[in-house]
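If you want the building blocks of each chain, they are given just below.
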Amino acid sequence: MDRGTAPAAVVVGGGIGGLATALALQRVGWQVTVRERRDALDRGGAGLVLWPNAMRCLAELGIAEAVRSRSTPLTGSVIRRADGRVLSRVTVDARAVGARPLGIVRADLVEALASALGPEVLRLGDPVTAVAAEPAADLLVGADGVRSVVRTSISPDAQPGFRGYTVWRALVPGGADALGGEAELSETWGAGMRFGMVPAGPDATYVYAAATTAQGARSDDELAEVRRRYADWHPPIADVLSRVEPGSVLRHDIFDLPPGRTRLHNGRRVLVGDAAHAMEPNLGQGAGLAIEDAVVLAHALSTRPSIEDALTDYAAARAPRVTALARQSRQIGRFARLERRGAIGIRDLAMRAIPDRLARRAVGAAADWCPPLIAPPIAPPTHQET
Ligand SMILES: Cc1cc2nc3c(=O)[nH]c(=O)nc-3n(C[C@H](O)[C@H](O)[C@H](O)COP(=O)(O)OP(=O)(O)OC[C@H]3O[C@@H](n4cnc5c(N)ncnc54)[C@H](O)[C@@H]3O)c2cc1C
């Protein structure tokens, strides 16, 4: 690619995918503008799990330590029945610090990305309402989420669909201590319902609850609704829910894009993150994959001779992985939301029979991925007058 003048990109959307892409492009010498429709970056969303694949990418972006310092390294994950009996447990080698997933407050990740970028890159309160046939910049990146406007100009047939359940999310004050000192990702599976708890940094625990519901169903008091639904589940669920601040519960119906059916680029337009591959949240990898997209895109743009070639490479590299994980996430969703007593009994038996080694391999398949290395361009020599 001609490096005479820095090429320019417009990134539509200032979520995790857009901010990570802007940072990655900056690191390979691009000028970037992020157009975000909201007046402020979205610092909601409660918490997140970041798996080692995402952390390797954040290392490429130069912010792994900033993120790690605000997060809790998790010792593994456990799945229980509603009565507390353990169905499956995966532990991570305590010495392998880089192999641990991290729990983090979502706002802390957004903060780490945004402060590395600098305010001059962000244009807040600047929605993109339509995509011109010819982008004004060298590259237009659609990082505008599951209802992407940019996607309509690249892959108009790809439409998100409701997956049959809703998720409530909240933060509870107190880190791992609030869960009895266990720094584990804990999920509990009942009939058509799930509950999760993740220590997320020194001061917070991230909790989430999923249940089969009709699309758009809402309650006047979502916290009361969650407390009622999970009241007789094992400790410390009721206790943890008693510490959620009223009014702080988020509720979202879950939508995804049909796996493998979204075109990822067209001309000089490209999609990243949920705009490209919104998936069910069951693997806890959506944000991680958005961050991967950012690094792979920057690598392709810094190594291929033309932008068009780079976007073709990017799409070829990303499509198989995001399609496979979106399918896997759907499968887990179906498995976790079984409602019939007989089917649940067989599921629970099967989970208890799976050796830890196999369970670890299933989790590791997504988390073992390594990004290509992106290097900041070498600064031209400065000629000082003597
Ligand atoms: C319940 C739940 C739990 C999850 N847990 C995890 C987890 O543990 N780990 C993980 O890795 N992932 C998780 N995810 C997935 C993760 O949240 C998403 O994949 C990720 O946030 C997607 O980021 P994004 O930037 O692509 O999209 P978004 O976060 O949707 O950001 C899109 C941005 O674009 C802006 N925008 C939209 N339209 C326009 C427009 N026309 N003009 C300008 N701006 C626009 C929006 O305002 C927004 O700021 C979870 C998701 C859910 C729903």
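Conventions used here
Residues numbered from 1 in each chain as written. Predicted model: local features only at pLDDT ≥ 70, side-chain atom pairs only at ≥ 80, totals over all residues. Heavy atoms only, no water. Axes fitted to C-alpha atoms, helices over the stretch in contact; angles between N-to-C directions. Helix = DSSP H or I, 4+ residues; strand = E, 2+ residues; numbered from the N terminus. Parallel < 35°, antiparallel > 145°, perpendicular 65-115°, else oblique. Left-handed = near helix turned anticlockwise from the far one by under 90°. Contact = heavy atoms within 4.5 Å. Nonpolar A, V, L, I, M, F, W, Y, C, P; charged D, E, K, R; others polar. Near = heavy atom within 4 Å. Polar contact = N/O pair within 3.5 Å; in protein donor to acceptor, adjacent residues only side chain to side chain. Areas by Shrake-Rupley, 256 points an atom, 1.4 Å probe, with all protein chains shown as cover. Buried < 20%, exposed > 50% of the residue type's maximum accessible area, 1.4 Å probe, protein only. Lys, Arg positive; Asp, Glu negative; His and termini not counted. Salt bridge = Lys/Arg side-chain N within 4 Å of Asp/Glu carboxyl O.

- Looking at an unreviewed UniProt entry, the protein chain carries the name Monooxygenase, with the source organism given as Nocardioides piscis.

1. Some words on the packing of helix α1 (residues 16–27) against helix α4 (residues 106–117)
Part 1 of the argument: The contact between α1 and α4 brings their axes to 9 Å, and the two run at 30°. Relative to α4, the element α1 lies roughly parallel. Regarding α1 and α4, the two cross each other, and that crossing is left-handed. Between α1 and α4, the residues in contact are Ile16, Leu19, Ala20, Ala22, Leu23 and Gln26 and Arg106, Leu109, Val110, Leu113, Ala114, Ala116 and Leu117, respectively.
Part 2 of the argument: Counted by class, the contact of α1 with α4 contains eleven nonpolar, one polar and one charged residues.

2. Focus on the site of the ligand
Part 1 of the argument: Near the ligand lie 32 residues; those nearest to it are Gly17, Glu36, Arg106, Val128 and Asp274.
Part 2 of the argument: Residue Arg37 places a side-chain N or O atom 3.1 Å away from an oxygen atom belonging to the ligand.
Part 3 of the argument: Measuring from an oxygen atom of the ligand, one finds a backbone N or O atom of Ala287 at 2.9 Å.
Part 4 of the argument: Out of a free accessible area of 1000 Å², the ligand has 87% covered by protein chains.
Part 5 of the argument: Mapped by element, the contributors of at least two residues to the shell around the ligand are α1, β3 (47–50), β10 (161–173) and α9 (286–303).
Part 6 of the argument: Partitioning the shell around the ligand into residue classes produces 13 nonpolar, eleven polar and eight charged.

3. A short note on the side chain of Glu187
Part 1 of the argument: Note on placement: Glu187 falls in strand β11 (residues 184–189).
Part 2 of the argument: There is no salt bridge for the buried Glu187, and the closest opposite charge comes from Arg194, which lies 4.1 Å off by N-O distance.
Part 3 of the argument: The residues touching Glu187, leaving out its near neighbours within four places in the chain, are Val78, Ile79, Arg80, Arg194, Phe195, Gly196 and Tyr208.

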